[in-house]
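Analysis of the macromolecular model
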Amino acid sequence: LLKFFLLLTIFFSEDLTVGGIIMNRSRSGLRCRTLRNIITPKGLLPQNTEGVFRSEGRHLGRPVIFADWDNGMNVPVPPHEIAVLESPAAVLDAA
C-alpha cells in the first residue's frame, strides 16, 4: 500500500527528485523551439526545431531544459537557447 502512495506522489507532484536532482515539471507539455543551432553530445540540434517540455532542472550545476524534440532527439539544452511557444494558460484552456 505504501508503494502505491509513493507512486501517486510522483505523478501528482510538480517537482520530482531524480538522483538527488530536483526536476521541475510545472511547464511539462508546453511546446518550445530552439532559437539557434545547439551542439549537443548527440549531435546538432538545429535552429527552429520544435519540441515538448518534459522538465527543467540542473545538470552539472547549470540550469537545463529537458524536452522531447520533434526530430527525435532527447537532449538537455540551456533555457536561454529556447523559446516557449504556448503559455501555460493556453494549455489549460485546451484541456
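In this text the structure is predicted, and so the values were computed from the model without any measurement.

1. Examining the pattern of salt bridges
- Summed over the entire model, instances satisfying the criterion amount to 4 salt bridges.
- Residues Arg 31 and Asp 70 are paired through a salt bridge, measuring 2.7 Å at the closest nitrogen-oxygen approach. In this pair, Arg 31 is assigned in strand β3 (residues 31-34) and Asp 70 in the loop between β7 (62-69) and β8 (76-77), connecting sequence segments 39 residues apart.
- As a salt-bridge pair, Arg 36 and Glu 81 come within 3.0 Å of each other at their nearest N and O atoms.

2. Observations concerning the confidence of the model for the protein
- Per-residue confidence for the protein gives a mean pLDDT of 75; residues scoring 70 or more make up 64%.
- Across the protein, strand β5 (residues 43-45) holds the top mean pLDDT of 94, while helix α1 (residues 2-12) sits lowest at 39.
- Note that pLDDT drops below 50 for residues 1-18; the model gives that stretch 18 contacts with residues more than four away or on any other chain.

3. A closer look at unusual backbone geometry
- A positive phi angle, close to 70 degrees, is found at Asn 48, a residue other than glycine.
- Here Asn 48 shows up in the loop between β5 and β6 (50-59).

Analysis parameters
- Residues numbered from 1 in each chain as written.
- Predicted model: local features only at pLDDT ≥ 70, side-chain atom pairs only at ≥ 80, totals over all residues.
- Heavy atoms only, no water.
- Salt bridge = Lys/Arg side-chain N within 4 Å of Asp/Glu carboxyl O.
- Helix = DSSP H or I, 4+ residues; strand = E, 2+ residues; numbered from the N terminus.
- pLDDT = per-residue confidence, 0-100.
- Contact = heavy atoms within 4.5 Å.

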